[in-house]
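# Structural characterization, general
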Amino acid sequence: MKKTLIVCLIVVLVVVASAFGIGYGIGRVIKNVGNISTSNGANFNYSDAASYKVGDTEISSKVSKITINWLNGTVKVSEYNGDTLSIKDEVESGNLTEELKLRWKRNGNEVIIQYAKANKRLDLDGLIKNIVVMVPSSWTLDELDIDVVSADSVVSLKNIDEIDWNSVNGTLEARVDSISSLDGDTVNGDVNLYVKKSGPRKLDLESVNGNVTIFVPSNTSFTLKRESINGSLDSEFAGKVSGNKTFIVGNGDYDWDIESVNGNVTIREI
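The text that follows walks through the structure, step by step, so that each part is easy to find. Within any chain, residue numbers begin from 1 and follow the written order of that chain's sequence. Predicted model: local features are reported for residues with pLDDT of at least 70 only, side-chain atom pairs are reported and counted for 80 or more only, and whole-chain, interface and lining totals are derived from all residues. Think of the side-chain values as coming from all heavy atoms in the structure, minus any hydrogens and water.

Across its full length, the protein chain holds two helices and 21 strands. Throughout this description, buried means an accessible area under 20% of the type-specific maximum (1.4 Å probe, protein chains only), exposed means over 50%, and partly exposed covers the range between. Counting across all 270 residues of the protein chain, residues that qualify as buried make up 51%. Here the analysis covers contacts within the protein chain between residues at least 6 apart in sequence; of these, 61% occur between residues at least 24 apart. Surface accessibility of the protein chain: about 11900 Å² in total, with carbon and sulfur atoms responsible for 45%. Runs of H or I in DSSP of at least four residues are treated as helices and runs of E of at least two as strands, each being numbered from the N terminus. Whether two residues are in contact is decided by their heavy atoms, any of which lying within 4.5 Å being enough. Surface exposure here means Shrake-Rupley accessible area, sampled with a 1.4 Å probe, where a residue is shielded only by the protein chains that are shown.

Turning our attention to the pattern of salt bridges. Pairing between side chains becomes possible if they bear opposite charge and their charged atoms approach one another. Basic side-chain nitrogens of Lys or Arg form a salt bridge, by our definition, when they fall within 4 Å of a carboxyl oxygen of Asp or Glu. Inspection of the entire model under this criterion finds 11 salt bridges. Salt-bridge contacts for Asp-255 lead to Lys-202; the nearest nitrogen and oxygen are separated by 3.3 Å. On the criterion of sequence distance, the pair formed by Asp-255 in strand 20 (residues 254-261) and Lys-202 in strand 14 (residues 202-208) is long-range, its members being 53 residues apart. Three or more residues are tied together by salt bridges with common partners; here these are Lys-65, Glu-110 and Glu-143.

Time to look at the pairing of strand 7 (residues 103-107). In the sheet, strand 3 (residues 53-54) pairs with strand 7 via two bridges, with the strands oriented antiparallel. Paired with Val-54 across the strands is Arg-103, a residue of strand 7. Judged from the five bridges that link them, strand 7 and strand 8 (residues 110-114) form a sheet pairing that is antiparallel. Bridged to Lys-105 within strand 8 is Ile-112. The hairpin formed by strand 7 and strand 8 contains two residues between the paired strands, and Gly-108 there has a positive phi angle of roughly 65 degrees. Two strands are counted as paired when DSSP detects at least two bridges linking them.

Turning to the environment of Ile-128, a few remarks are in order. Position of Ile-128 relative to the elements: it lies in strand 10 (residues 128-136). For the pair Ile-128 and Thr-74, spaced 54 residues apart in the sequence, the C-alpha separation amounts to 8.9 Å. Not counting residues within four places of it along the chain, the set of residues in contact with Ile-128 comprises Asn-72, Gly-73, Glu-90, Val-91, Glu-92 and Ser-93.

The bulk of non-glycine residues show a negative phi, and the bulk of peptide bonds are trans. The step from Gly-199 to Pro-200 runs through a cis peptide bond, and the omega angle for that step is -5 degrees. With respect to the helices and strands, Pro-200 occurs in the loop between strand 13 (191-198) and strand 14. Despite not being glycine, Asp-125 has its phi angle at roughly 50 degrees, a positive value. Counting through the fold element by element, Asp-125 comes out in the loop between strand 9 (119-122) and strand 10. Residue classification places Asp-125 among the exposed residues on the basis of a relative accessible area of 63%. Of note in the backbone geometry, Asn-262 takes a positive phi value of approximately 60 degrees without being a glycine. With respect to the helices and strands, Asn-262 occurs in the loop between strand 20 and strand 21 (265-269). The exposure class assigned to Asn-262 is partly exposed, which follows from its relative accessible area of 31%.

As used in this record, nonpolar core signifies buried Ala, Val, Leu, Ile, Met, Phe, Trp, Tyr and Cys residues forming a set joined through side-chain atoms within 4.5 Å. Core analysis: the largest hydrophobic core is formed by 62 residues, its most contacted members being Ile-66, Ile-68, Trp-70, Leu-85 and Ile-113. Here this core gets 11 residues from one element, more than from any other, and that element is strand 11 (residues 141-168).

A few words on the side chain of Ser-86. Note on placement: Ser-86 falls in strand 6 (residues 85-93). A relative accessible area of 6% places Ser-86 in the buried class. A distance of 3.2 Å separates the side chain of Ser-86 from the side chain of Glu-58, its partner in a polar contact. Excluding anything up to four places from it in sequence, Ser-86 contacts Thr-57, Glu-58, Tyr-80, Val-132, Val-133 and Met-134. Contacts described as polar in this section are N or O atom pairs within 3.5 Å, which, within protein, must combine one atom able to donate a hydrogen with one able to accept it, while residues neighboring in sequence count only if both atoms come from side chains.

What follows deals with the side chain of Thr-213. Along the chain, the position of Thr-213 falls in strand 15 (residues 212-216). Leaving out residues up to four positions away in the same chain, Thr-213 has contacts with Val-191, Asn-192, Leu-193 and Thr-266.

Attention now moves to the environment of Ser-198. Topologically, Ser-198 is positioned in strand 13. Here the alpha-carbon distance between Ser-198 and Ser-178, two residues 20 residues apart in the chain, equals 4.7 Å. Sequence-distant contacts of Ser-198, defined by excluding residues within four places in its chain, comprise Asp-177, Ser-178, Ile-179 and Tyr-254.

In structure tokens:
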């Protein structure tokens, strides 16, 4: 589906959502689609393209933020026992030409990864590839920022301060021990969050045509503010309802905000 069609779909849904008073947050996803389309090739542009290096790499000095812009594959971020940040293309099908190899650059404590060479018309020629990022287990990231089109995201980290995820046609599966913040916008994609120990203290999700499922420890205390068109809430946690949109569990310590169109919210105890 071309980006323009996706944006038109979002605009229609936002108009409907606005009638119910929840369109503003969901509409923010439009600006996160980026200069990408994936029909009959790809329009993939980003600034300062000449400063990027080409292909797989290993980075030995610690970074605190990783930014990934990807399409047509899977974003895989996990920990391992090594001592370098490993960044690699993983080809599922097609031919990985020089033009289509990943690009990366370091900007201070941030590493930015792009799907391929900046180009107004990339010829994918059937290429499907993943990005595999391996983070040393001795590192703790401050932020992981993922923007994707037609790509799933799979994150497995012990500790992460913040995940910022924006997606069109892709799911997020995040498994962490602890997390402080998850901020996400999605069109046509589910969110599945598994938290083993603590968090997220701050949760802000806007979803169109996607379900949200959250697994957290049984002692988690949160306030969920939820606005929805055509969606339900299913929680294993006992709580109290305040007004029409707020669900409070325990002392309500964590601040969760979920806005959705055509999507259910499910909260489960680990």
